[in-house]
Amino acid sequence: MSVRVGILGVGVMGSDHARILATQVPGATVQAIYDADPKRAKAVAAEIGAGTVVTDALALINDASVDAVLVASPDQTHKELTLAGIAANKPVLCEKPLAPTPAECLEVIAAEVKLGRRLVQIGYMRRFDPSYVEMKAGLASGRLGSALMFHCIHRNVAAPDWFDSKMAVNNSAVHEFDIARWMLDAELVGITVFRPKPAKGSSPGAPVFLMLESATGQLVTVEVFNDAAYGYDVRGELVCEKGTIALRAPTRTETNAELIQGIAYPADWRPRFADAYRLQAQAWVKAIARGTATGASAWDGYAAAAIAEAGLLSLADGRRVEIRLADRPPLYR
Ligand SMILES: NC(=O)C1=CN([C@@H]2O[C@H](COP(=O)(O)OP(=O)(O)OC[C@H]3O[C@@H](n4cnc5c(N)ncnc54)[C@H](O)[C@@H]3O)[C@@H](O)[C@H]2O)C=CC1
Ligand SMILES: O=C1[C@@H](O)[C@H](O)[C@@H](O)[C@H](O)[C@H]1O
């Protein structure tokens, strides 16, 4: 039987998820679509040829014909919609971040713990990206010894004017926080944020450089440059005792012209992480069909938000800030 998904928010990400669910996920159907802008909802439903357009988010969540909910609305709406999903006892794939603050994430955790069952998966899709998965397997093989440092680079082509340095931390760098915790299988315990001189004509978000320490003694460096101009570029290199493992972005061709050998950059995250979004959606639907949960949990969403909150304190005055997490409930151990 098909898992009937209701989608909340069909802008850049929600429309991409809708296309993926409609065409690349066996066992899933797009059942209903809500967007604060009904024209967008109608356009996406027409494009994918599925999904009843509804005009109320809560009605969609509580609709008996919707089995699971995908939240792809703006960050500040995630908590309420996810809580409504839990209240309706429905699996929720919530885009990152779970919420802009750790306090809000803890509300979601409290609701899930009360229910006694994991329903929430956070859209930290890099955990499904074949290059990060291979890096983790390489580390687990033990061939390179243990990890000492993890260098992460996160560059976007351009950020809108409202995307300030705080968002570089709690909207962009959260991906790096999540993947570093997952890669090193360790919590991050301290963060210091540095800022170089701003690039001319760049948005207020560009760039930030973060140094984090893990509970098991590794250092993690993160550069976020949301106005890097040349392309969408995510890099990672894990430095181990006996070698390093670096990510290679997926590429199928190189162009040779005008005396230059070149590989194209994507304009944004969708081509770079196309496999990750697809594999994430497939794993989500498979887990729902089996009555289990997979991927980043609400706890992982909380941890990333707690690191971001400490990062914002450090951003304000440059000092090192300790990251303290609440006690992890048994549901997430
Ligand atoms: N996992 C990833 O790599 C990425 C995740 N994101 C996350 O996805 C979410 C959406 O981002 P984008 O698609 O880029 O934004 P967007 O602005 O393109 O789309 C958001 C959509 O939500 C609608 N909306 C606003 N309030 C709503 C509400 N209360 N209920 C339902 N719909 C509502 C808007 O009308 C718009 O169509 C954000 O939380 C963002 O952080 C964004 C980009 C990549
Ligand atoms: O999640 C995302 C955006 O919200 C964020 O703003 C970008 O910096 C990331 O690269 C993208 O994956």
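Residues numbered from 1 in each chain as written. Chains lettered and ligands numbered in written order. Predicted model: local features only at pLDDT ≥ 70, side-chain atom pairs only at ≥ 80, totals over all residues.

Asker: Can you walk me through the domain arrangement of the protein chain in this structure?
Answerer: Interface size is commonly expressed as the accessible surface area that is lost when the partners come together. Domain boundaries in the protein chain define domain 1 (3-125 + 275-296) and domain 2 (127-272 + 305-322). Centre-to-centre separation of domain 1 and domain 2, based on C-alpha positions: 26 Å. If you look at the interface, domain 1 gives 19 residues, while domain 2 gives 14 residues. Secondary structure elements with two or more residues in the side of domain 1 that touches domain 2: α5 (102-115) and α9 (274-290). Per element, the largest residue contribution to the side of domain 1 that touches domain 2 is five residues, and it comes from α9. Tallied by class, the residues present in the side of domain 1 that touches domain 2 amount to twelve nonpolar, three polar and four charged. (Domains from an automatic or database assignment. Contact = placed C-beta atoms within 7 Å. Helix = DSSP H or I, 4+ residues; strand = E, 2+ residues; numbered from the N terminus. Nonpolar A, V, L, I, M, F, W, Y, C, P; charged D, E, K, R; others polar.)

Asker: Would you mind showing me how to read the UniProt feature "domain: Gfo/Idh/MocA-like oxidoreductase N-terminal" (unreviewed entry) in the protein chain here?
Answerer: Per the UniProt entry, the sites bearing "domain: Gfo/Idh/MocA-like oxidoreductase N-terminal" (unreviewed entry) are residues 3-123 in this numbering. Split by type, residues 3-123 is 45% helix and 21% strand. Its first and last C-alpha atoms lie 18 Å apart. (UniProt positions renumbered as here; feature names shortened; annotations may be inferred.)

Asker: Where do I start with helix α7 (residues 165-184) in this structure?
Answerer: Side chains that are three or four residues apart share a direction in an α-helix, a result of its 3.6 residues per turn. Ala173 marks the point of greatest bend in α7, at about 55°. By the criterion of burial, α7 is predominantly enclosed, with 17 of the 20 residues buried. With its phi angle positive at about 55°, Asp185 sits one or two positions after the end of α7. (Bend = angle between axes of the 7 residues up to and from the residue. Buried ≥ 20, exposed ≤ 12 C-beta atoms within 10 Å, placed from the backbone.)

Asker: What is the right way to read the sheet that holds strand β1 (residues 3-8) from this model?
Answerer: Backbone-to-backbone hydrogen bonds join strands into a sheet, with any given pair of strands oriented parallel or antiparallel. The six strands lie next to each other as β3-β2-β1-β4-β5-β6, forming an open sheet whose pairing is parallel. Both edges of this open sheet fall to β3 (52-53) and β6 (120-122), since each of them pairs with a single strand only. As paired strands, β1 and strand β4 (residues 68-71) are joined by four bridges and run parallel to one another. Among the inter-strand pairings, Ile7 is bridged to a residue of β4, identified as Leu70. Each of β1, β2 (28-34) and β4 touches helix α1 (residues 12-24); the most contacted strand, β2, lies at about 150° to it. Most of the contacts of helix α2 (residues 38-48) go to β2, to which it runs at about 155°, and overall it touches β2 and β3. (Pairing = 2+ DSSP bridges. Axes fitted to C-alpha atoms, helices over the stretch in contact; angles between N-to-C directions.)

Asker: I would appreciate a short explanation of the packing of α1 against α9 in the present structure.
Answerer: Geometrically, a packed helix pair is captured by the angle between its two axes and the distance between the axes. Orientation of α1 relative to α9, taken along the N-to-C sense of each, is 65°, at an axis distance of 10 Å. Both α1 and α9 take part in a crossing whose hand is right-handed. Along the contact surface, α1 presents Asp16, His17, Ile20, Leu21 and Gln24, while α9 presents Tyr277, Arg278 and Ala281. (Left-handed = near helix turned anticlockwise from the far one by under 90°.)

Asker: Can you help me understand the site of ligand 2 in this one?
Answerer: Taken together, Lys96, Asn156, Asn171, Ser172, His175 and Trp269 form the complete shell of residues around ligand 2. Looking at the shell around ligand 2 residue by residue, the class counts come to one nonpolar, four polar and one charged. (Near = placed C-beta within 6 Å.)

Asker: Looking at this model, I keep getting lost on the sheet that holds strand β8 (residues 188-194). Mind explaining?
Answerer: Reading across the sheet, the seven strands line up as β12-β11-β7-β10-β9-β8-β15 and stay open at both edges, with mixed pairing between neighbours. Only two strands of the sheet have a single partner each, and these edge strands are β12 (243-246) and β15 (321-322). Relative to the sheet, helix α6 (residues 130-140) contacts β7 (147-155), β11 (233-240) and β12, its axis offset from that of β11 by approximately 0°.

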